[in-house]
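Notes for the structure review
Read off the chains here:
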6 protein chains.
Amino acid sequence: MSVVVRNIRRADRSTADAFAAFGVATIHEAQGRTGLLEPRLRPIYPGAHVSGTAVTVSVPPGDNWMIHVAVEQCRDGDILVVAPTSFSDAGYFGELLAVAVQARGVRGLVIDAGCRDVAELTRMGFPVWSSCVSATGTVKETLGSVNVPLVCAGQLVRPGDVVVADDDGVVVVPRAAAGRVLAASRAREEKEAVSRARYRAGELSLDVHGMRERLARKGLTYIDQEADD
Amino acid sequence: MSVVVRNIRRADRSTADAFAAFGVATIHEAQGRTGLLEPRLRPIYPGAHVSGTAVTVSVPPGDNWMIHVAVEQCRDGDILVVAPTSFSDAGYFGELLAVAVQARGVRGLVIDAGCRDVAELTRMGFPVWSSCVSATGTVKETLGSVNVPLVCAGQLVRPGDVVVADDDGVVVVPRAAAGRVLAASRAREEKEAVSRARYRAGELSLDVHGMRERLARKGLTYIDQEADD
Amino acid sequence: MSVVVRNIRRADRSTADAFAAFGVATIHEAQGRTGLLEPRLRPIYPGAHVSGTAVTVSVPPGDNWMIHVAVEQCRDGDILVVAPTSFSDAGYFGELLAVAVQARGVRGLVIDAGCRDVAELTRMGFPVWSSCVSATGTVKETLGSVNVPLVCAGQLVRPGDVVVADDDGVVVVPRAAAGRVLAASRAREEKEAVSRARYRAGELSLDVHGMRERLARKGLTYIDQEADD
Amino acid sequence: MSVVVRNIRRADRSTADAFAAFGVATIHEAQGRTGLLEPRLRPIYPGAHVSGTAVTVSVPPGDNWMIHVAVEQCRDGDILVVAPTSFSDAGYFGELLAVAVQARGVRGLVIDAGCRDVAELTRMGFPVWSSCVSATGTVKETLGSVNVPLVCAGQLVRPGDVVVADDDGVVVVPRAAAGRVLAASRAREEKEAVSRARYRAGELSLDVHGMRERLARKGLTYIDQEADD
Amino acid sequence: MSVVVRNIRRADRSTADAFAAFGVATIHEAQGRTGLLEPRLRPIYPGAHVSGTAVTVSVPPGDNWMIHVAVEQCRDGDILVVAPTSFSDAGYFGELLAVAVQARGVRGLVIDAGCRDVAELTRMGFPVWSSCVSATGTVKETLGSVNVPLVCAGQLVRPGDVVVADDDGVVVVPRAAAGRVLAASRAREEKEAVSRARYRAGELSLDVHGMRERLARKGLTYIDQEADD
Amino acid sequence: MSVVVRNIRRADRSTADAFAAFGVATIHEAQGRTGLLEPRLRPIYPGAHVSGTAVTVSVPPGDNWMIHVAVEQCRDGDILVVAPTSFSDAGYFGELLAVAVQARGVRGLVIDAGCRDVAELTRMGFPVWSSCVSATGTVKETLGSVNVPLVCAGQLVRPGDVVVADDDGVVVVPRAAAGRVLAASRAREEKEAVSRARYRAGELSLDVHGMRERLARKGLTYIDQEADD
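Since the model is a prediction, treat every value here as computed from it, not as a measurement.

Here the focus is the overall build of chain A. A tally of regular secondary structure across chain A gives eight helices and 13 strands. A principal-axis box enclosing the C-alpha atoms of chain A has dimensions of 70 × 45 × 35 Å. Within chain A, buried positions represent 64% of all 229 residues. Long-range pairs, those at least 24 residues apart, make up 76% of the contacts in chain A between residues at least 6 apart in sequence. Only carbon and sulfur atoms are counted for the fraction: they give 50% of the accessible area of chain A, which is about 8,100 Å².

One frequent convention defines the size of an interface as the accessible area lost when the parts assemble. Contacts between the two partners involve 38 residues from chain E and, on the opposite side, 34 residues from chain D. Summed over both partners, the interface of chain E with chain D buries about 3,300 Å², with 54% contributed by carbon and sulfur atoms. Ranking the residues of chain E by area buried against chain D places Arg9, Trp65 and Leu96 of chain E at the top, with a combined share of 19%. Viewed at the interface, chain D and chain E are joined by five salt bridges. The tally of links between chain E and chain D comes to 17 residue pairs in polar contact (both at pLDDT 80 or more). Top element by residues in the side of chain E that touches chain D is helix α3 (residues 65-71) of chain E. It accounts for five residues. Residues belonging to the side of chain E that touches chain D are distributed by class as follows: 18 nonpolar, nine polar and 11 charged. As paired elements, strand β13 (residues 221-224) of chain D and strand β1 (residues 3-6) of chain E share four bridges and run parallel to each other. Bridge pairing in β1 of chain E places Ile223 of chain D opposite Val5 of chain E.

This part is about the pairing of strand β4 (residues 78-84) of chain B. All names here are of chain B. In terms of burial, β4 is a largely internal element, seven of the seven residues being buried. Pairing geometry for strand β3 (residues 50-59) and β4, over seven bridges, is parallel. Within β4, the residue paired with Ala54 across the bridge is Ile79. Crossover β3 to β4 through helix α3 (residues 65-71) is right-handed. Note: β4 against strand β6 (residues 109-115), three bridges, orientation parallel. Each bridged residue has a counterpart across the sheet, and for Leu80 the counterpart in β6 is Leu109.

For the pair chain A and chain C, the best superposition has an RMSD of 0.0 Å and corresponds to a rotation of 120 degrees with a translation of 0.0 Å parallel to the axis. The two molecules are tied by a three-fold rotation axis, judged by turn and shift.

Relative to the elements of secondary structure, Gly219 of chain E occurs in the loop between α8 (212-218) and β13 (221-224). Ignoring sequence-local partners within four residues, the contact set of Gly219 of chain E consists of Ser2 and Leu143 of chain F.

This brings us to the side chain of Ser86 of chain B. Along the polypeptide, Ser86 of chain B turns up in the loop between β4 and β5 (91-93). Residues in contact with Ser86 of chain B, not counting those within four places in the same chain, are Pro61 of chain B together with Asp89 and Thr136 of chain E.

Our next topic: the packing of aromatic side chains. Tallied over the entire structure, the rule returns nine aromatic pairs over all chains. Between the aromatic rings of Phe87 of chain A and Phe87 of chain F, the centroid separation amounts to 4.6 Å while the plane-to-plane angle is 75 degrees, which identifies the pairing as edge-to-face. In this pair, Phe87 of chain A sits in the loop between β4 (78-84) and β5 (91-93) while Phe87 of chain F sits in the loop between β4 (78-84) and β5 (91-93), so the two residues belong to two different chains. Since its relative accessible area comes to 41%, Phe87 of chain F is described here as partly exposed.

Residues and elements named next belong to chain C. Burial of strand β10 (residues 162-166) is extensive: five of the five residues sit out of reach of the surface. Of the two faces of β10, the one lined by Val162, Val164 and Asp166 and the one lined by Val163 and Ala165 are each fully buried. Where β10 lies against strand β11 (residues 169-173), five bridges are found, and the strand directions are antiparallel. In the strand pairing of β11, Val162 is matched with Val173.

Turning our attention to helix α6 (residues 178-200) of chain C. All names here are of chain C. Helix length check: α6, at 23 residues, gives a terminal C-alpha distance of 32 Å against a target of 33 Å (1.5 Å per residue), a fit within 8%. The set of residues buried in α6 consists of Ala178, Val181, Leu182, Ser185, Glu192, Ser195, Arg196 and Tyr199. After α6 finishes, the residue Gly202 shows a positive phi value of roughly 100 degrees.

A few words on the packing of helix α6 (residues 178-200) of chain E against helix α4 (residues 95-102) of chain F. Contact geometry of α6 of chain E with α4 of chain F gives a least axis separation of 8 Å together with a crossing angle of 15 degrees. For the element pair α6 of chain E / α4 of chain F, the angle class is roughly parallel. Relative to α4 of chain F, the crossing made by α6 of chain E is left-handed. Across the interface between the two elements, Glu192, Ser195, Arg196, Tyr199 and Arg200 of chain E from α6 of chain E touch Glu95, Leu96, Val99 and Ala100 of chain F from α4 of chain F. Of the residues belonging to the contact of α6 of chain E with α4 of chain F, the class tally is four nonpolar, one polar and four charged.

Residues at a pLDDT of 70 or more form 99% of chain A, whose mean pLDDT is 96. Overall fold confidence for the complex sits at a pTM of 0.96, while the interface term, ipTM, reaches 0.95.

On to the arrangement of the chains, then. Over all C-alpha pairs, chain A and chain D never come within contact, reaching a minimum spacing of 14 Å. The two units chain B and chain F never meet; even their closest C-alpha atoms stay 14 Å apart.

The interface of chain A with chain C comprises 38 residues on the first partner and 34 residues on the second. Buried surface at the junction of chain A and chain C, summed over both partners, amounts to about 3,300 Å²; 54% is from carbon and sulfur atoms. Of all residues in chain A, the largest losses of buried area upon contact with chain C belong to Arg9, Trp65 and Leu96 of chain A, amounting jointly to 18% of the total for that side. Glu95 of chain A is the salt-bridge partner of Arg196 of chain C, the closest N and O atoms lying 2.4 Å from each other. Only β1 (3-6), α3 (65-71), α4 (95-102) and α5 (118-124) of chain A provide two or more residues apiece to the side of chain A that touches chain C. Per element, the largest residue contribution to the side of chain A that touches chain C is five residues, and it comes from α3 of chain A. Classifying every residue of the side of chain A that touches chain C by side-chain character gives 18 nonpolar, nine polar and 11 charged.

With the rule as written, the count across this model stands at 114 salt bridges over all chains. Across the pair Arg212 of chain C and Asp207 of chain C runs a salt bridge whose closest N-O atoms are separated by 2.8 Å. When its relative accessible area of 33% is taken as the criterion, Arg212 of chain C is described as partly exposed. Using a relative accessible area of 41% as the deciding quantity, one classes Asp207 of chain C as partly exposed. Its salt-bridge partner being Arg116 of chain D, residue Glu29 of chain F comes within 3.2 Å of it at the nearest N-O pair. Residue Glu29 of chain F is located in helix α2 (residues 24-30), and its partner Arg116 of chain D is located in the loop between β6 (109-115) and α5 (118-124); the two belong to separate chains.

Residues and elements named next belong to chain D. Assignment of secondary structure puts Gly32 in the loop between α2 (24-30) and β2 (42-43). Given a relative accessible area of 36%, Gly32 falls into the partly exposed group. For the pair Gly32 and Glu192, spaced 160 residues apart in sequence, the C-alpha to C-alpha distance is 16 Å.

Another aspect to go through is helix α4 (residues 95-102) of chain E. Burial of α4 of chain E is extensive: seven of the eight residues sit out of reach of the surface. What α4 of chain E keeps buried is the set Glu95, Leu96, Leu97, Ala98, Val99, Ala100 and Val101 of chain E. Buried residues belonging to α4 of chain E abut α6 (178-200) of chain D together with α3, β4 (78-84), β5 (91-93) and α5 (118-124) of chain E.

What follows is about the environment of Ser14 of chain A. All names here are of chain A. Here Ser14 shows up in helix α1 (residues 13-18). Judged by relative accessible area, Ser14 falls into the exposed class, the value being 51%. Sequence separation of Ser14 and Gly179 is 165 residues, and the distance between their C-alpha atoms is 10.0 Å. Engagement of the side chain of Ser14 in a polar contact is seen with the side chain of Asp12, the distance being 2.8 Å.

Another point: the state of the cysteines. By definition, a disulfide links the sulfur atoms of two cysteines through a covalent bond. Residues and elements named next belong to chain A. Here the structure, examined in full by the defined rule, presents zero disulfides over all chains. No disulfide involves Cys115; its sulfur sits 8.0 Å from that of Cys132, the nearest cysteine. Accessibility expressed as a relative area gives 0% for Cys115, which makes it buried.

About the criteria used
Residues numbered from 1 in each chain as written. Chains lettered and ligands numbered in written order. Predicted model: local features only at pLDDT ≥ 70, side-chain atom pairs only at ≥ 80, totals over all residues. Heavy atoms only, no water. Helix = DSSP H or I, 4+ residues; strand = E, 2+ residues; numbered from the N terminus. Buried < 20%, exposed > 50% of the residue type's maximum accessible area, 1.4 Å probe, protein only. Contact = heavy atoms within 4.5 Å. Areas by Shrake-Rupley, 256 points an atom, 1.4 Å probe, with all protein chains shown as cover. Buried area = accessible area lost by both parts, 1.4 Å probe. Salt bridge = Lys/Arg side-chain N within 4 Å of Asp/Glu carboxyl O. Polar contact = N/O pair within 3.5 Å; in protein donor to acceptor, adjacent residues only side chain to side chain. Nonpolar A, V, L, I, M, F, W, Y, C, P; charged D, E, K, R; others polar. Pairing = 2+ DSSP bridges. Right-handed = clockwise from strand over helix to strand, strands pointing away. Least-squares fit on C-alpha atoms with pLDDT ≥ 70 in both. Phe/Tyr/Trp six-rings, centres within 6.5 Å; stacked < 30°, edge-to-face > 60°. Expected span 1.5 Å × (residues − 1). Axes fitted to C-alpha atoms, helices over the stretch in contact; angles between N-to-C directions. Parallel < 35°, antiparallel > 145°, perpendicular 65-115°, else oblique. Left-handed = near helix turned anticlockwise from the far one by under 90°. pLDDT = per-residue confidence, 0-100. Disulfide = S-S within 2.5 Å.

Below, the structure is given as structure tokens:
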């Protein structure tokens, strides 16, 4: 039952790279509000923004052996996506593993568990989105799998999918949909630029987007505050 | 049942502004330990410290329509206070809405739910105190209310009340009590300055505040560690 | 039942100081994976790294009187370790107490409850590891104890034990074991330096640590992705 | 600042009593989806269903002194509503206090904190809705207030308001609205009886409530599963 | 993007039914420790144990419209599996919907959100596994989808998969694997019967399963307690 | 580092047995409010009430091997106390292990992690206090220790200590203190019986315990509700 899938099909490299120009919130909207990992995953330092292709690692609780196995399957432009088979807040990943995967061009880690050595990871500029920070170590006793589809923080992630992460969280874009979602993200961004300019000039979204009539139809009532309450 | 209350009575502007000189912890004490919102509300970046008058927004879970409605009711010196009618960790508020309310002089957002675009909000210097960060978007389908009294993170907030927020959290001061609480905050600060100086000089609070006798009366016993344990 | 133990035996000063050169994760491993406080304790600002000897304070929920009592028992090189007898998220400790203990050479605070004035504490460079930030004040009505063994965030801490804290969390080293654990930490660090160099050069931990045979024996299988899924 | 308000105006007794015929969910809907306490309040045993008038108690964390004070203010048909001023999971209320309030005709307790002696309370048939069960005792050192408006589990409760609690949770109905909400609850129940009968006969809500056209207009699409996936 | 998939392929009926003879823990083990939903899903009353085929419903937060749509797609032997697209503790499902789906032969509900009317559901014998109980109602404003693959409480569930639920939780068995997993569950149960008989007779698992040598090899040491500690 | 300590000194059997006559809340008070495990430990069924001597098991996250090892160390009148070295919600213990330990006279299990087969455990009358119910299995790969002092749910438990558990939670009484705490529990119970009788007769604790003067001295003020609010 424990497998390592080699030579996975990854989303197109230039497409995956291009996603880093868009925020996670924008991509999530552009994708029809799907693919967002649960907000318990938080960056270990502010300001990181990466995109890449997923190498997935299914790990037992408190056992990081399969991350060591996964390193060999990583290549330039990948993002490691790690999910334990049941809840764990152990620190699966630290500076040594970061050195190892950074040497292979991995851009970051997304893990629904803990990571450690966050001061060193910050200095190295290796970003991690994790559900907690924990110095707890792990053992190397039980197998798991690499590059199988898995659920990470509530979302299905398949190997080779595009993963984008920034200060708002993490979104996964299925490999097959990457081109379409990238275009939709661009379109959304352009539309937002127009709204932004009008808002900055003091216009109201009620008018920019013509919401007043629908609000009235739903029954919204405007009143003035009474003389005294 | 869905109303927008216009022309609310706000706390006196200079009073509201003056609160920014005092920490949330000081104001909370000065107000008799009332008005503090639950500590799950955290700032999206460190170092912000604002005071202002509340514009309140009661929103359905996962629906930010009423925040758009509320923008028009905001004016210079306000702070938006948003509470969902049941738990939500959706990202109700992002950079576009921040541009819109900043254009009207709003100083910050307090929300018992999620916000997004935190990198942009940080760059803009628009502070938010929220219960989480989440890229999840919201819909615009169901009405709520603007400028009604509401409970946000465990505290009753009325439109026009003073809201103060810093790295320690958020406190609300009722409009009618603002002058009195401001004076009490000043008095408290002055008293603390004296204690600070004495502590810095190495004096003990046990002596500065004469606690020793009351401690002894309650039964506190001093012993020396035994030779070995 | 309320006691203050004076003149506790502390771990050797130079040993306690020397721990600051090692990360919490390293020390935890070097100590056989024991002594790590639960990861809910987080630093109020990034980058702090301290070691010292524990002065322990057992406090009632929402009552910080015994911290005032504890100040007198602190001396240069100590770290305050505070645990409430049942859950509390109150803000037990703020800038005034920090001034008082910093004046006595205390290096930081570890508390399984809330702290406040985090902006000032950051400016002062007084690090705190706490389970939350909260402006809620506390009362001074009920006794507790100082320098008794207590459980803080899941770990037994005895007065005089070594406490080390960094961005990864907090670890306690029993006084009697300090010398041995310090040596083991050094040894571990040296071993890791070798791994780090080899990883940086692109070697895999599978090879550096000879894991391949054991993985195969456990049944790990390598397959190539099929033509299409 | 610590007061006990005597001789509060209570909602009409027969109205308050009549609410016990309706479920909390029904009343919450009938009241325009307001007044529901957060779902962390759970009954200590299944099957209880009570309504009554609120006697409110604002308590410090870990201190139940004011509940003793409140007993004297209770009378037949009341429900005690207790909220700590900051989070507490202490066991504020046990069998002895239940004997005391049951002797005065109190019908139950709603508390945003812990209770204890749940085996005895179950045997006595004294229902409690609490945020946890905890044997932790409390002290009697610090004052609070009785019969002041307070926020309990996210809702404003005023003394004399109607409180209804069942296996689904707890709802508060403002004293002034009690008659109107009771009538609306009855109307809602009658309407639901019609739906229930039709559903039981196999009719679909899509048809009973004519939802199909609106669903289609919003864009809902029906497809058949493909030959194989 | 909102679809209702009709005429889904369901797991074989007799196979799905046969799973009810096995506990969730047994099936989870028999399936190689996969498919278990997160333990936050708890039964609303003890003692229920059902198996059936999944009809899946993806719902917006706080909006139960699609459950009404899903009723029509249910048939005898199904289990409803509902997951919101982001966190919600609203009460999506109550007695009226239970009447409607029970009339179509649905055996239970699995929902990663709240349900209500639990007293009535208990009386009806309609079991629900939910992440909370909440009287909060929902709106009918936003579309979702029926019978699409979704992630519920951390597991991928596809329409037609077998779902089994008991007091221990909920497990999903992929449609294609149902026969194989059923056989493995039977085999496991038989093996456990042998162990049970031997344990009951006082034999130790250390001997029954021959663990002593492997424990010794790993380094387990037996010592006797010293004269005094 | 992995040891099994045999032939531990247990608290006197008749003393340990006698504790079952007293509630956990009473014992906790009688012991000076110490020894109570955190309230996240809940019984899997209502009504159980046991006392016994602790056999302690320190287990790795997700690995129950050491519980199998511990069975042999159990004897009539013991209670198993299990704590993982870092957070785990796995189901460490089920019906088979219960058969094994029940055959040796073990009276219950206290575990700061998950248990499973709760329907069977209920039928067997084998009580468990756990932090969750979970069907997740565990592996048998990593050693831990049996009969070492450990921290379980926030309290230090030593092998041979008395453990008492009922619907309110779990308390530990150090072996050396058992006789004294038992006597204090009896005394407390007798005192409470007097209060109970007086409360039942309608007397107020304010009078029974003479609290009125101290309340007045602290500043409690009684007012009557104003004509209208």
